[in-house]
Amino acid sequence: MTTPALLPLSGRRIPTLSPGASSFPHHRATLRLSEKFILLLILSAFITLCFGAFFFLPDNSKHKRFDLGLEDVLIPHIEPGKEGRHSSGQVIHGQGGHDEHRHREEEESLRDKIRADHERALQEAKEKLRKSKEELRAEIQTEKTKVVEDLKKKEGPKPLPPVPMPKVVGINDGDPGDPDVKEKRDKIREMMKHAWDSYRQYGWGHNELKPIAKKGHSTNIFGNSQMGATIVDALDSLYIMGLHDEFKDGQEWIEQNLDFSVVSIPIQFIVYNQYIGCCVVLRALYVFKVKAVQLAEKLLPAFNTPTGIPWAMVNLKSGVGRNWGWASAGSSILAEFGTLHMEFVHLTYLTGNPAYYQKVMHIRKLLAKMDRPNGLYPNYLNPRTGRWGQHHTSVGGLGDSFYEYLLKAWLMSDKTDAEARKTYDDAIEAIERHLIRKSNGGLTFIGEWKNGHLERKMGHLTCFAGGMFALGADGSPGDKAGHYLQLGAEIAHTCHESYDRTVLKLGPEAFKFDSGLEAVAVRQNEKYYILRPEVIETYWYMWRFTHDPKYRQWGWEAAQAIDKYCRVSGGFSGVKDVYSSNPTYDDVQQSFFLAETLKYLYLLFSSDELLPLESWVFNTEAHPLPVLHLGNVTLPGSQDHR
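Residues numbered from 1 in each chain as written. Predicted model: local features only at pLDDT ≥ 70, side-chain atom pairs only at ≥ 80, totals over all residues. Heavy atoms only, no water.

Glancing now at the side chain of Glu246. Mapped onto the fold, Glu246 is located in helix H7 (residues 244-257). Among all residues touching Glu246, those that are not within four sequence positions of it are Lys193, Trp196, Asp197 and Leu238. (Helix = DSSP H or I, 4+ residues; strand = E, 2+ residues; numbered from the N terminus. Contact = heavy atoms within 4.5 Å.)

Another aspect to go through is the nonpolar core. Ranked by size, the top nonpolar core spans 141 residues in total, and within it Ile188, Leu367, Met468, Phe469, Leu506, Tyr529 and Ile562 carry the most contacts. Per element, the largest residue contribution to this core is 9 residues, and it comes from helix H13 (residues 400-412). Those residues in contact with Ile562, other than ones at most four positions away along the chain, are Met191, Leu506, Tyr529, Leu531, Ile536, Arg567, Phe572, Phe593 and Thr597. Counting 6 residues, the second-largest nonpolar core is a separate cluster that includes Ala312, Met313, Trp324 and Ala327. (Core = buried A, V, L, I, M, F, W, Y, C linked by side-chain atoms within 4.5 Å. Buried < 20%, exposed > 50% of the residue type's maximum accessible area, 1.4 Å probe, protein only.)

As a further point, take the packing of aromatic side chains. Applying the stated rule across the entire model yields 23 aromatic pairs. Residues Trp324 and Trp326 carry aromatic rings whose centres are separated by 6.2 Å and whose planes lie at 25 degrees to one another, so their mutual orientation is stacked. On the accessibility criterion, Trp326 (52% relative accessible area) is exposed. Consider the rings of Tyr377 and Tyr403, whose centres lie 6.3 Å apart with planes at 70 degrees: the pair is edge-to-face. With Tyr377 in the loop between helix H12 (354-369) and strand E9 (380-381) and Tyr403 in helix H13, this residue pair connects regions lying 26 residues apart in the sequence. Tyr377 sits in the buried class, given a relative accessible area of 5%. Of the residues examined, Tyr403 reaches a relative accessible area of 1% and is grouped as buried. Ring pairing ties together the aromatic residues Tyr377, Trp388, Phe402 and Tyr403, which thus form one cluster. (Phe/Tyr/Trp six-rings, centres within 6.5 Å; stacked < 30°, edge-to-face > 60°.)

A few words on the state of the cysteines. On inspection of all chains with the given rule, the structure shows 1 disulfide. For Cys463, the disulfide goes to Cys495, at an S-S distance of 2.0 Å. Every disulfide takes its handedness from the sign of the S-S torsion; for Cys463 and Cys495 that torsion is -100 degrees, giving left-handed. Here Cys463, found in the loop between strand E15 (457-459) and helix H15 (465-471), pairs with Cys495, found in helix H16 (residues 481-500); they are 32 residues apart in sequence, far enough to count as distant. The exposure classification of Cys463 matches that of Cys495, with both residues buried. (Disulfide = S-S within 2.5 Å.)

This part takes up unusual backbone geometry. Despite not being glycine, Lys505 shows a phi value in the positive range, around 60 degrees. Even without a glycine there, the phi angle at His547 is positive, about 55 degrees.

Below, the structure is given as structure tokens:
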């Protein structure tokens, strides 16, 4: 199978020539590489010959040898009648006959050496001239490869220390047994292959795909650079689904092309949950050993603020960070600086470097000391002053994954991080008291706290919380496990209603619960669906904990709607209005569609043995990280935060 030419990070295709075509125009102004190489050898031999001639000329006391100014470097030269001082400090007398004889012998020895070098250079030049162009090209390529490999060895990162790898279980198969369920799972796998093959054909190396235009797509969230976001994001999904040839293609691209040192555009910090999370899980699968560490080291300068709260964006080349101007007077965002704990703890475990663990623990300690209005965490925090920005609290956009990571830090620690669990429980209690309400029609929803009052609107992003409540039910304080599992079911039901009340049976970006409207989008700019995963994520968690068949049914309805209304010949596209029977496309195949939406659908129709929740914790971008059964192992730097 032929594959399209790889796109270099510069964004320019490497030009290729058809067989038999000339590499240069008829009137060329430059020389072929082989010609340059031959001329260089001849020039080198000529210079050697001329330089050696200085030594072969008859000795003439009227002319000082080595007018090149190198006499004191190449041979010890002392003018007759003069005295010098040896490097040891001993005085040397210039008139001594013995010294003059020794001096003459040293000169003769040096002449012999230069004569031999000259003969060898001429012989090498003759041998090169006898070789064909093909042989010369092969030699040049071999030397270039050797230089590149030597540079990699010199500049490469230190090898990771040997550490006991987390036990990797449940990463293959997951056959559901039931033929009907298996048929549905095979359909999801086919959708994944269509999305990947389209990206492979039309957008390879670009961050995302424009499936209508059939070309690559890059957005500000990735810094307008070609960092192969779809490749990185989709890799573990390909592996889980058994698409091993596609996985190998992506793995090779990452190993050969993903270079964080060349990215000089500020990148949104939260994006690197995709990169770090994927690379860490692949490290757990024995594939990558250094990519996650390389990126994490590039991110560390983002923490160089007066408070230790990182900037929202960091220039990977210069290390300069900054925040969005719109984010409450340049504040950092809760869902960004609070969503690296899992990845950074894993990095400290894998590398032995305490810096990663210490950075995220510092954030946790700082937040614990701060006053929280009504026990809630506002979405904005100024990294210079350490003060909250605008008092806007959301379990959806800007806040969502912060709460998710409090719970998952506890789970990833094999339920030993009691501080994380306590912080999560306190936060959820405040959320339930101030943000969760029931509509007149009986739908439970999570609103947003803005400027002292509750906005009765819920975003698609907030729908992940149903799964979070179910995941955190076991281990809840008191007798609340059943309560939180039920709360998760109610959120899942509300989010399903937001899908079911549209024409396309796909959920809008946000939906309201007032003025007689429930679970329905009002504004035009909230009616779009961009292949988001959060509702399906909650269906999967609820299925795992209850095995209620309605969650598989709801997931299948969503999969059918996506395949019917979002599928195009060049991949899958978001739609701009889920209430229209003739929707227009947004022409973007989001990387998270392959990483999250299709992965959760595939898991929904798989057995529980595939990625069991006792052994795996999914980060906010759906990359599964192994639970760290540390036992008596102490993470480097952890003693500083007790």
